[in-house]
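# Working through the structure, step by step
Residues per chain, in single letters:
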Amino acid sequence: MPEIGRNAPCPCKSGKKYKKCCGSPTATSGQSQPPFEILYGAPQDIPPDVLRAFREHQEKEIARIRRYGHVRPPIAVDHQGYKVVAVGNKLTWAKNWKTFHDFLFNYIAGGLGKEWGDAEIKKPFEERHPILQWYHQLCEFQRAHMAPDAQGIGEAIASGPVMAYLWLAYDLYTLEHHALLREKLVRRLKNREQFQGARYEVSVAAAWVRAGFDLTLEDETDTETSHCEFNATHKPTGATYSVEAKSRHREGYLGTPGIPRPLAEITADVYALLQRALRKRAEHERVIFIDLNVPPDGRALLETEWVKRVAEQVKRLEHTQAAADPYPPAFIFFTNHPYHYVGNDQPEPGRSTVFTAINNPDFRERTVGAPEVVQALAQKYPAIFALYESVARHVEIPHSFD
């Protein structure tokens with residue numbers, strides 16, 4: 001990830017420059033004193049231990065946001081041997097949730113429905129919904145690699161299927177915890193033919209939440225208009241964007257019917273997908289997320305074949321568009337989440353993101369994903385820079401409820 005400039009907006013969304021916030025030499029020291037407003041009385045009227053407790057709490061919260069983003073913190077209590085967890089306006093509980101991951105594994109099963117899950121698990125493995133295939137592989141992985149310690153907690157380097165299942169659970173939790181999870185979206189996830197598109201929409205929406213944006217979902221009953229998925233407003237600046245998310249389908253993968261092609265033949269061909277995204281109606285400045293859905297590449301990100309191919313396609317779109325009817329300007333995030341291309345015998349491959357823009361003079365003729373692109377973003381588009389920083393930085397799922 002490119003280094004953050006000291007004069008760039010701080011990724012924690014404080015509105016301050018990085019050098020005067022999280023980039024300050026005292027930002028992580030015991031001397032850091034996050035500000036808070038005293039509404040009644042004077043500071044000297046507050047007992048020092050109370051002030052200290054508030055400062056410690058705020059420093060802990062700043063550290064949590066820096067690590068995981070702006071997802072609301074888990075709300076959990078222990079009661080009579082049970083771990084009770086609040087998700088949005090719902091309460092759920094169990095006796096065997098020793099880690100936050102334990103909770104997530106149960107949360108997704110409950111959210112999708114026991115009856116649906118039981119029906120899928122009875123099918124032959126190849127005919128199951130991708131979520132239940134991941135669940136099957138998770139169970140195999142836990143039996144093979146996660147013998148519990150004295151506290152009943154097992155540890156192992158996660159595989160691709162394990163992380164695919166865990167990230168879906170965490171993204172769903174994130175949306176529901178922020179009152180953004182609609183039943184129609186859950187139904188689409190459970191529909192094998194609609195799963196891939198719905199899954200990517202969930203991933204993109206959760207990424208905007210982690211970046212500290214407020215989301216406004218589009219009207220699901222409007223089937224006459226082709227519109228973007230949702231609008232997102234940056235809290236510090238008030239900048240609002242229309243967001244479109246599209247994922248490249250591949251035969252035989254993620255529920256798409258057909259015979260899988262050899263991995264070496266799968267390329268980042270998203271020209272038509274990008275065209276369709278640009279034609280969607282948008283009320284605000286447009287941000288497009290496109291998942292390439294290509295196998296993992298062990299090379300450095302900017303040296304991968306898929307980054308070179310998408311750069312060529314963006315340039316071709318700009319150079320061949322009709323002068324009388326050009327495409328609208330748009331910020332573009334190209335992502336690749338290749339968990340489903342590896343099995344339990346390999347460590348999870350991680351996720352990759354590069355950024356560029358189309359029909360924007362600040363990014364014309366610049367290399368997709370290059371550091372100078374990021375610096376141009378930081379200087380002129382602080383809200384999009386905050387999103388980029390969050391997507392690149394917040395790639396961990398909490399392990400504990402703290």
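We now turn to the structure provided with this report. Computed from a prediction, not measured in an experiment: that's the story for all the values here.

## Brief notes about the side chain of Gln-133
In this structure, Gln-133 sits in helix α4 (residues 130-145). On the basis of relative accessibility, which here comes to 16%, the residue Gln-133 falls in the buried class. Sequence-distant contacts of Gln-133, defined by excluding residues within four places in its chain, comprise Phe-125, Glu-126, Arg-128 and Arg-192.

## A look at the pattern of salt bridges
Taken as a whole and assessed by the stated rule, the structure comprises 19 salt bridges. Through salt bridges with shared partners, a single network forms among Asp-171, Arg-199 and Arg-210.

## Things to note about the sheet that holds strand β2 (residues 82-87)
With antiparallel pairing, three strands are arranged side by side in an open sheet as β1-β2-β3. Both edges of this open sheet fall to β1 (75-79) and β3 (90-94), since each of them pairs with a single strand only. Recorded for the sheet is a direction-independent mean angle of 25° between the axes of neighbouring strands. In the sheet, β2 pairs with β3 via five bridges, with the strands oriented antiparallel. When the bridges of β3 are listed, Ala-86 appears paired with Leu-91. Against the sheet, helix α5 (residues 160-177) touches β1, β2 and β3, its axis set at about 65° to β2.

## Focus on helix α7 (residues 195-210)
Owing to its 3.6 residues per turn, the α-helix aligns residues three or four sequence positions apart on the same side. Here α7 is 16 residues long and its end C-alpha atoms lie 22 Å apart, about the 22 Å a rise of 1.5 Å per residue gives. Counted residue by residue, α7 has 15 buried out of 16 residues, so it is predominantly covered. Downstream of α7 by one or two residues, Gly-212 has phi in the positive range, about 90°.

## Observations concerning the pairing of strand β7 (residues 285-291)
Among the seven residues that make up β7, six are buried, leaving the element largely enclosed by the rest of the structure. As judged from the seven bridges shared by strand β6 (residues 240-247) and β7, these two strands associate in the parallel manner. When the sheet's bridge partners are listed, Lys-246 is paired in β7 with Ile-290. Regarding the hand of the β-α-β motif, the stretch spanning β6, helix α8 (residues 271-279) and β7 is right-handed. In the sheet, β7 pairs with strand β8 (residues 330-336) via six bridges, with the strands oriented parallel.

## Considering the layout of surface pockets
Its volume calculated, the largest pocket comes out at about 1100 Å³. Elements that contribute at least two residues to the lining of the largest pocket include exactly α2 (100-112), α3 (114-121), α4 and α5. Grouping the constituent residues of the lining of the largest pocket by class yields 25 nonpolar, ten polar and seven charged.

## Concerning the nonpolar core
Core analysis: the biggest nonpolar cluster contains 76 residues, and Phe-103 and Trp-208 have the highest contact counts within it. Broken down by element, this core gets its largest block of residues, twelve residues, from α5. With residues up to four places along the chain from it excluded, the contact list for Trp-208 reads Phe-213, Leu-215, Phe-230, Ala-232, Tyr-241, Val-243, Val-287, Phe-289 and Leu-387. Listed in part, the 25 residues of the second largest apolar core include Ile-288, Ile-290, Leu-317 and Tyr-327.

## Some words on the packing of aromatic side chains
Under the counting rule described, the total for this entry stands at 25 aromatic pairs. Ring geometry for Trp-134 against Phe-195: centres 5.8 Å apart, planes inclined by 65°, an arrangement best described as edge-to-face. Of this pair, Trp-134 sits in helix α4 while Phe-195 sits in helix α7, placing them 61 residues apart in sequence. Both residues of the pair, Trp-134 and Phe-195, count as buried. Between Tyr-241 and Phe-331, the aromatic rings sit 6.4 Å apart at their centres with planes inclined by 75°, giving edge-to-face as the arrangement.

## Describing the packing of α2 against α5
The axes of two packed helices give the description: the angle between them and the distance between them. Following both chains from N to C, one finds α2 and α5 inclined at 80°, their axes separated by 9 Å at the closest point. For the element pair α2 / α5, the angle class is roughly perpendicular. Contacts from Phe-100, His-101, Phe-103, Leu-104, Phe-105, Tyr-107, Ile-108 and Ala-109 of α2 reach α5 at Tyr-165, Leu-166, Leu-168, Ala-169, Tyr-170, Leu-172, Tyr-173 and Glu-176. Of the residues that constitute the contact of α2 with α5, the class distribution is 14 nonpolar, one polar and one charged.

## A short note on empty space enclosed by the protein
For the coordinates displayed, the defined rule picks out four cavities of 30 Å³ or more. In this structure, the largest cavity encloses a volume near 190 Å³. Looking at the largest cavity, it is lined by 14 residues, and the ones nearest its centre are Trp-134, Arg-199, Leu-254, His-337 and His-340. Of the residues that constitute the lining of the largest cavity, the class distribution is six nonpolar, five polar and three charged. Contributing to the lining of the second largest cavity are 15 residues, with Ala-207, Arg-210, His-337, Arg-351 and Val-391 lying nearest its centre.

Definitions and cut-offs
- Residues numbered from 1 in each chain as written.
- Predicted model: local features only at pLDDT ≥ 70, side-chain atom pairs only at ≥ 80, totals over all residues.
- Heavy atoms only, no water.
- Helix = DSSP H or I, 4+ residues; strand = E, 2+ residues; numbered from the N terminus.
- Buried < 20%, exposed > 50% of the residue type's maximum accessible area, 1.4 Å probe, protein only.
- Contact = heavy atoms within 4.5 Å.
- Salt bridge = Lys/Arg side-chain N within 4 Å of Asp/Glu carboxyl O.
- Pairing = 2+ DSSP bridges.
- Axes fitted to C-alpha atoms, helices over the stretch in contact; angles between N-to-C directions.
- Expected span 1.5 Å × (residues − 1).
- Right-handed = clockwise from strand over helix to strand, strands pointing away.
- 1 Å grid on protein atoms, 1.4 Å probe; cavity = no way out; pocket = protein on both sides within 12 Å on 5 of 7 lines; lining within 4 Å.
- Points joined across faces, edges and corners; volume = space filled by probe spheres on them.
- Nonpolar A, V, L, I, M, F, W, Y, C, P; charged D, E, K, R; others polar.
- Core = buried A, V, L, I, M, F, W, Y, C linked by side-chain atoms within 4.5 Å.
- Phe/Tyr/Trp six-rings, centres within 6.5 Å; stacked < 30°, edge-to-face > 60°.
- Parallel < 35°, antiparallel > 145°, perpendicular 65-115°, else oblique.

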